[in-house]
Amino acid sequence: MNILVVLTSHADLGDTGRRTGFWLEELAAPYYVFKDAGASITLASPAGGQPPLDPSSAKPDAQTDATRRFEGDAEASAALADTRKLSEMKIADFDAVFYPGGHGPLWDLANDPASIALIETTIGAGKPVALVCHAPGVLRDVKAADGSPLVKGKTVTGFTNSEEAAVGLSDIVPFLVEDMLAQQGGKYSKTADWGVHVVEDGLLITGQNPASSEKAAQTLLAKLA
């Protein structure tokens, strides 16, 4: 079982002078769901190499058992420091794709031709794609086989408008995930802010927030089984 995990390469939080990137828990929790199930994991990003970590996700109050395990795992750290270039990845080599969030993907992966093509090809090959928190934002320009938005008519979730407001970034991000999914014709679904919420619709699996990352990974594994 081979799983491709796609991370952002974008480090700037708009024009704020602050940093962003991927959210540590959203990588670490799925990483160990997959690893402990015996999966082979490949990390990729648009630029390759070390992707930027959102510094907020490394703060003490954001740590979990999975993040602590990841930070103490030399093999995981080495893989993270040397991610593959996304444009070189072929879906024929993988059984599924997982996208962790963080705010970074809204700036790069949402517009990245390689990411868009990867998701379209993965779904077209009958393989599942899972995305958590802000990562469902990368579905914005992804099309179904008939040319319509991939999310049109599908039940989906992602970081809520109220969660974005709570972290004070509603006016900083290039778009709001909840609004975009609804505008693209998705049947947007959510639970209370910061609650665990994962939606599966066909080959598409989406999770609402960092707390949903482990369940999203488990749902992907169940899909593969």
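Note that the structure is a prediction, hence the values are computed from the model and not measured. (Residues numbered from 1 in each chain as written. Predicted model: local features only at pLDDT ≥ 70, side-chain atom pairs only at ≥ 80, totals over all residues. Heavy atoms only, no water.)

Draft legend 1. The pairing of strand β2 (residues 40-45), seen in detail. Bridge count between strand β1 (residues 2-6) and β2: 5 bridges; the pairing is parallel. When the bridges of β2 are listed, Val6 appears paired with Ala44. Crossover connection from β1 via helix α1 (residues 24-36) to parallel β2: handedness right-handed. Pairing of β2 with strand β3 (residues 84-85) involves 2 bridges; the strand directions are parallel. Its bridge partner lying in β3, Ser45 is registered against Lys85. (Pairing = 2+ DSSP bridges. Helix = DSSP H or I, 4+ residues; strand = E, 2+ residues; numbered from the N terminus. Right-handed = clockwise from strand over helix to strand, strands pointing away.)

Draft legend 2. Region of the structure containing helix α7 (residues 213-224). Over its 12 residues, α7 extends 17 Å from the first C-alpha to the last, a length consistent with the 16 Å expected when each residue adds 1.5 Å. Within the sequence span of α7, burial applies to Ser213, Ala216, Ala217, Thr219, Leu220 and Leu221. Packing partners of the buried residues in α7 comprise β1, α1, β4 (96-99), β5 (129-132), β8 (198-201) and β9 (204-207). (Expected span 1.5 Å × (residues − 1). Buried < 20%, exposed > 50% of the residue type's maximum accessible area, 1.4 Å probe, protein only. Contact = heavy atoms within 4.5 Å.)

Draft legend 3. Highlighting α1. Look at α1: 18 Å from first C-alpha to last across 13 residues, which is about the 18 Å you get at 1.5 Å a residue. α1 sits mainly inside the fold: 11 of its 13 residues count as buried. The positive-phi residue at the C-terminal boundary of α1 is Gly38, with phi of around 90 degrees.

Draft legend 4. The layout of surface pockets, seen in detail. What the largest pocket holds in volume is close to 290 Å³. Looking at the lining of the largest pocket residue by residue, the classes come out as 9 nonpolar, 5 polar and 4 charged. Along the walls of the second largest pocket sit 15 residues, with Ala29, Val33, Ala66, Glu214 and Gln218 positioned nearest its centre. Of all the secondary-structure elements, those providing two or more residues to the lining of the second largest pocket are α1, α2 (65-71) and α7. Broken down by element, the lining of the second largest pocket gets its largest block of residues, 5 residues, from α1. (1 Å grid on protein atoms, 1.4 Å probe; cavity = no way out; pocket = protein on both sides within 12 Å on 5 of 7 lines; lining within 4 Å. Points joined across faces, edges and corners; volume = space filled by probe spheres on them. Nonpolar A, V, L, I, M, F, W, Y, C, P; charged D, E, K, R; others polar.)

Draft legend 5. Here's a closer look at the pattern of salt bridges. Enumeration over the complete set of coordinates arrives at 7 salt bridges. Its salt-bridge partner being Lys35, residue Glu75 comes within 3.6 Å of it at the nearest N-O pair. One end of the pair, Glu75, is in helix α3 (residues 74-81); the other, Lys35, is in helix α1, with 40 residues separating them in the sequence. With relative accessibility at 53%, the residue Glu75 sits in the exposed group. The class of Lys35 is partly exposed, set by a relative accessible area of 30%. A salt bridge links Asp65 to Arg68; its shortest N-O distance comes to 3.0 Å. Here Asp65 and its partner Arg68 are both found in helix α2, 3 residues apart, which amounts to about one turn of the helix. What makes Arg68 partly exposed here is its relative accessible area of 49%. (Salt bridge = Lys/Arg side-chain N within 4 Å of Asp/Glu carboxyl O.)

Draft legend 6. Spotlight on the packing of α1 against α7. One can describe the packing of α1 onto α7 by two numbers: an axis separation of 8 Å at closest approach and a directional angle of 35 degrees. Where α1 crosses over α7, the two elements pack in a sense that is right-handed. On α7, the residues touching Glu25, Glu26, Ala29, Pro30, Val33 and Phe34 of α1 are Ser213, Glu214, Ala217, Gln218, Leu220 and Leu221. Residues that form the contact of α1 with α7 fall into these classes: 7 nonpolar, 2 polar and 3 charged. (Axes fitted to C-alpha atoms, helices over the stretch in contact; angles between N-to-C directions. Left-handed = near helix turned anticlockwise from the far one by under 90°.)

Treat this as a map of the structure, not an account of what it does.
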